[in-house]
Amino acid sequence: HHHVSPPSPTNGPNAVTEPGRPARLRLQQLIAEGLYISRPLAHIFSMFVFQQKSWKLWLISLAMDLMSLLLHGGVTKLKSPEKSEILRRRLVLLLYLLRSPFYDNHTKGVLIQFLKALSSTIPLVYLIIDPLLAYIPLWQQTYSYNWMT
């Protein structure tokens, strides 16, 4: 008969490490980090196979980000720096709304319509909105590549 004891704070997959040292990652989290780190290589390969503004390129990028986050699981057992990074990656998912081709086909029209409505209904807001409307296409074209995060 083999007796297995439950993990304690000093052993096991969720062991507490010394302050300042990164938490020990489970295999699932290591795979998640591998996915996240390999995104630039996947991007280069995908660019050779698909067009720059292809839905396939956009979907591969989104799938890699989502799978990485799902494999990480919750943030409750992570240390503060790791927890902050995972929360940042979750927030960065919103940038997919500004990436082509999703932006070109969905976000652009709604965003421009919303900003124009604000500009025309709230006094003096046009002083901010009009230059912003002029700058958005340049910003989107320059900074919203599929793999910018």
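Because the structure is a prediction, the values reported are computed rather than measured.

**Focus: the overall build of the protein chain**
A tally of regular secondary structure across the protein chain gives six helices and zero strands. Across the 149 residues of the protein chain, 30% fall into the buried class. Summed over its atoms, the accessible surface of the protein chain is roughly 10300 Å², and 69% of this surface lies on carbon and sulfur atoms.

**A look at the packing of helix 1 (residues 27-37) against helix 3 (residues 55-72)**
The packing of two helices is summarised by the inter-axis angle and the distance between the axes. Across the interface, helix 1 lies against helix 3 with an axial gap of 8 Å and an inter-helix angle of 160 degrees. Relative to helix 3, helix 1 is oriented roughly antiparallel. Handedness of the helix 1/helix 3 crossing: left-handed. Of the residues in helix 3, those touching helix 1 at Q28, Q29, I31, A32, E33, L35 and Y36 are M64, D65, M67, S68, L70, L71 and H72. Across the contact of helix 1 with helix 3, the residue classes break down as eight nonpolar, four polar and two charged.

**Digging into the environment of S68**
Tracing the chain through its elements places S68 in helix 3. For S68, a relative accessible area of 1% gives the class buried. Spatially, the C-alpha atoms of S68 and Q29 are 8.0 Å apart, while their sequence positions differ by 39 residues. Residues within four places of S68 in sequence aside, it is in contact with A32, L35, Y36 and R89.

**Quick word on the pattern of salt bridges**
Summed over the entire model, instances satisfying the criterion amount to four salt bridges. E85 is the salt-bridge partner of R88, the closest N and O atoms lying 2.9 Å from each other. Here R88 and its partner E85 are both found in helix 4 (residues 80-92), three residues apart, which amounts to about one turn of the helix. What makes E85 partly exposed here is its relative accessible area of 27%. Linking R89 and E85 is a salt bridge whose minimum nitrogen-to-oxygen distance equals 2.9 Å. Residue R89 and its partner E85 are located together in helix 4, separated by four residues, close to a single helical turn. Several salt bridges converge on common partners, so that one network encompasses E33, E85, R88 and R89.

**Thoughts on the confidence of the model for the protein chain**
Summarising the model, the protein chain shows a mean pLDDT of 81, and 80% of its residues fall at 70 or more. Within the protein chain, helix 5 (residues 102-121) carries the highest mean pLDDT (93), whereas helix 2 (residues 39-49) carries the lowest (86). Counting contacts from residues 2-17, a segment whose pLDDT is below 50, to residues more than four positions away or on other chains yields twelve contacts.

**As for a nonpolar patch on the surface**
On the surface, L41, I44, F45, F48 and V49 cluster together into a nonpolar patch covering about 620 Å² of accessible area. Among the structural elements, I44 can be located in helix 2. Accessibility expressed as a relative area gives 46% for I44, which makes it partly exposed.

**Quick notes on the packing of aromatic side chains**
Each aromatic ring pair is summarised here by two numbers: the centre-to-centre distance and the angle between the ring planes. Under the counting rule described, the total for this entry stands at four aromatic pairs. When the ring of W55 is compared with that of F102, the centres are 6.3 Å apart and the planes differ by 80 degrees; the resulting orientation is edge-to-face. Linking W55 in helix 3 with F102 in helix 5, this pair joins segments that are 47 residues apart in sequence. A relative accessible area of 34% means that W55 is categorised as partly exposed. Relative to Y96, the ring of W58 lies with its centre 5.8 Å away and its plane at 85 degrees, an arrangement referred to as edge-to-face.

Calculation rules
Residues numbered from 1 in each chain as written. Predicted model: local features only at pLDDT ≥ 70, side-chain atom pairs only at ≥ 80, totals over all residues. Heavy atoms only, no water. Helix = DSSP H or I, 4+ residues; strand = E, 2+ residues; numbered from the N terminus. Buried < 20%, exposed > 50% of the residue type's maximum accessible area, 1.4 Å probe, protein only. Areas by Shrake-Rupley, 256 points an atom, 1.4 Å probe, with all protein chains shown as cover. Axes fitted to C-alpha atoms, helices over the stretch in contact; angles between N-to-C directions. Parallel < 35°, antiparallel > 145°, perpendicular 65-115°, else oblique. Left-handed = near helix turned anticlockwise from the far one by under 90°. Contact = heavy atoms within 4.5 Å. Nonpolar A, V, L, I, M, F, W, Y, C, P; charged D, E, K, R; others polar. Salt bridge = Lys/Arg side-chain N within 4 Å of Asp/Glu carboxyl O. pLDDT = per-residue confidence, 0-100. Patch = residues over 30% accessible without salt bridge, like charges linked within 9 Å, V, L, I, M, F, W, Y side chains within 5 Å. Phe/Tyr/Trp six-rings, centres within 6.5 Å; stacked < 30°, edge-to-face > 60°.

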